[in-house]
Amino acid sequence: MRARIALLPGDGIGPEVLEEGTRVLDAVAERWGHTFEAKPALIGGAAIDSTGNALPAETIALCRECDAVLLGAVGGPKWDDPRAKVRPEQGLLGIRKALGLFANLRPVTIHEKLAASSPLKAERLTGVDLIVVRELTGGIYFGEKSRTQLGAEGERATDVCTYSTMEIERVARVAGKLAMARSGRLTSVDKANVLETSRLWREVTARVIANEFPSLTLQHLLVDACAMHLLQRPASFDVIVTENMFGDILTDEASVLAGSIGLLPSASLGASIEEHGREATMGLYEPIHGSAPDIAGKGLANPVGMIASVAMMLRHSLGLEEEARAVEQAVHAALEAGALTADLAPRGVQPGRTSEVGDAIIARIVGTREAVST
Ligand code: IPM
Ligand code: MN
């Protein structure tokens, strides 16, 4: 197949992990005879530095012409002034909104050999395989923001949280569909004992699931309890659906189960469209970690979150399930064989560099495993 992929490296470790992602794509293209045309563009702090804008119009236009977008990370101390008018994060939030990517899939899988990297007891991690569906274009992230002067008392700041029925329905459908294809269990997370948006969330989710996915078992859970249960009984969860900010916080927490936030991928999806006789979904794929400016440019970053995001792209936007699985299996095999960056390497073991872990994964994709030592 032929596909056009937008590449948005961004800031910090973004470019170096994206480099490993594109090397993996090249390996997949070669082994299966595909052509992936890479289209680089600016976003985040890098875009601010060269254009004054975290999300230049050309970047949006380019992404719209592509079949999928791969993104590194945005942000860094250079652009961190809270009073600044332009911020790198506006690029990320802006591209999610501009492309209508309302459903963010964040799977958490466990590689058994890495159990020691998690602070949780190994037995608690057995059987953990969950996926969070985070609503991505609504809620407090996108509500009206304001600051007003209160004279001698200082200022007042406001962030408005809003959700409409339609916004909740469409993400509940994505989660429902996913849960049907998995264990049939869905947990919807809200704060319905306090927030009106959460009461609507609960009502709408319950209705969509009862009407459209009647065979699913739906459980509602308050976000504070969910935060606790994610550590106490993580294996009991399968699909979790929640609003934007709760999903942001809970997925960083859930990454602790896997052992490092550097391992976790994500897919941000919009509505499916019929294309070339198959269902195609425009998507943006990125690791869930940030730009990690403290380790940027040193070859220390874990490329696995990015490479696993490439696998999600192959699956969800390009319809290449076999290739997606091959990448995931290569990642798993490389990790189990000890190809570990510093965030995961046990004490006393020399960690692999970003590109070495990339090499170990690529070798397992192209099938020359015998030739590599890690
Ligand atoms: C994430 C990040 C972003 C978010 C930031 C960088 C705006 O934390 O993708 O989880 O909060 O969505
Ligand atoms: Mn986050």
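Residues numbered from 1 in each chain as written. Chains lettered and ligands numbered in written order. Predicted model: local features only at pLDDT ≥ 70, side-chain atom pairs only at ≥ 80, totals over all residues. Heavy atoms only, no water.

Re the side chain of Glu16
In step 1: Tracing the sequence through the fold places Glu16 in helix H1 (residues 14-32).
In step 2: The side chain of Glu16 sits in the buried core without any salt bridge; Arg353 is the nearest counter-charge, 7.0 Å away.
In step 3: At 3.4 Å, the side chain of Glu16 and the backbone nitrogen of Gly299 are in polar contact.
In step 4: Beyond its immediate stretch of four places on either side in the chain, Glu16 contacts Ala296, Gly297, Lys298, Gly299, Leu300, Ala301 and Thr354. (Helix = DSSP H or I, 4+ residues; strand = E, 2+ residues; numbered from the N terminus. Buried < 20%, exposed > 50% of the residue type's maximum accessible area, 1.4 Å probe, protein only. Lys, Arg positive; Asp, Glu negative; His and termini not counted. Salt bridge = Lys/Arg side-chain N within 4 Å of Asp/Glu carboxyl O. Polar contact = N/O pair within 3.5 Å; in protein donor to acceptor, adjacent residues only side chain to side chain. Contact = heavy atoms within 4.5 Å.)

Side note on the site of ligand 1
In step 1: Close contacts around ligand 1 come from Glu89, Leu92, Arg96, Arg106, Arg134, Tyr141 and Asp248, and that covers them all.
In step 2: Calculation on ligand 1 without its partners gives an accessible area of 320 Å², and the protein chains cover 79% of this total.
In step 3: Looking at which element gives the most residues to the shell around ligand 1, the answer is helix H4 (residues 88-98), with 3 residues.
In step 4: Per-class residue counts for the shell around ligand 1 are 2 nonpolar, no polar and 5 charged.
In step 5: Counting residues domain by domain, the shell around ligand 1 receives three or more from each of domain 1 (1-103 + 272-374) and domain 2 (119-258). (Near = heavy atom within 4 Å. Areas by Shrake-Rupley, 256 points an atom, 1.4 Å probe, with all protein chains shown as cover. Nonpolar A, V, L, I, M, F, W, Y, C, P; charged D, E, K, R; others polar. Domains from an automatic or database assignment.)

What about the packing of helix H6 (residues 165-181) against helix H7 (residues 196-212)?
In step 1: At a closest axis distance of 9 Å, the pairing of H6 and H7 adopts a crossing angle of 45°. In this view, H6 runs oblique relative to H7, as classed from their interaxial angle. When the axes of H6 and H7 are compared, the crossing they make is right-handed. From H6, Thr165, Ile168, Glu169, Val171, Ala172, Arg173 and Gly176 reach across to H7, where they touch Leu200, Trp201, Val204, Thr205, Arg207, Val208, Ile209 and Glu212.
In step 2: Tallied by class, the residues present in the contact of H6 with H7 amount to 8 nonpolar, 3 polar and 4 charged. (Axes fitted to C-alpha atoms, helices over the stretch in contact; angles between N-to-C directions. Parallel < 35°, antiparallel > 145°, perpendicular 65-115°, else oblique. Left-handed = near helix turned anticlockwise from the far one by under 90°.)

Quick word on the confidence of the model for the protein
In step 1: Across the protein, the average pLDDT comes to 95, with 96% of residues at 70 or higher.
In step 2: Confidence over residues 369-374 falls short of pLDDT 50; this stretch has 8 contacts with residues more than four positions distant or in other chains. (pLDDT = per-residue confidence, 0-100.)

Observations regarding the pairing of strand E6 (residues 145-149)
In step 1: Sheet analysis places E6 next to strand E7 (residues 155-159), joined by 5 bridges and oriented antiparallel. In the strand pairing of E7, Ser146 is matched with Thr158.
In step 2: The antiparallel hairpin formed by E6 and E7 contains 5 residues in its connecting segment, where Gly151 sits at a positive phi of about 70°. (Pairing = 2+ DSSP bridges.)

What to know about the packing of H1 against helix H12 (residues 354-366)
Packed helices, taken two at a time, are described by their axes: the angle between them and the distance between them.
In step 1: Contact pair H1 / H12: the axes reach a minimum separation of 10 Å and the direction vectors enclose 15°. Judged by the inter-axis angle, H1 sits roughly parallel to H12. Here H1 runs over H12; the crossing is right-handed. Contacts between H1 and H12 pair Glu16, Glu20, Arg23, Val24, Ala27, Val28, Arg31 and Trp32 from the former with Thr354, Ser355, Gly358, Asp359, Ile362, Ile365 and Val366 from the latter.
In step 2: Classifying every residue of the contact of H1 with H12 gives 7 nonpolar, 3 polar and 5 charged.

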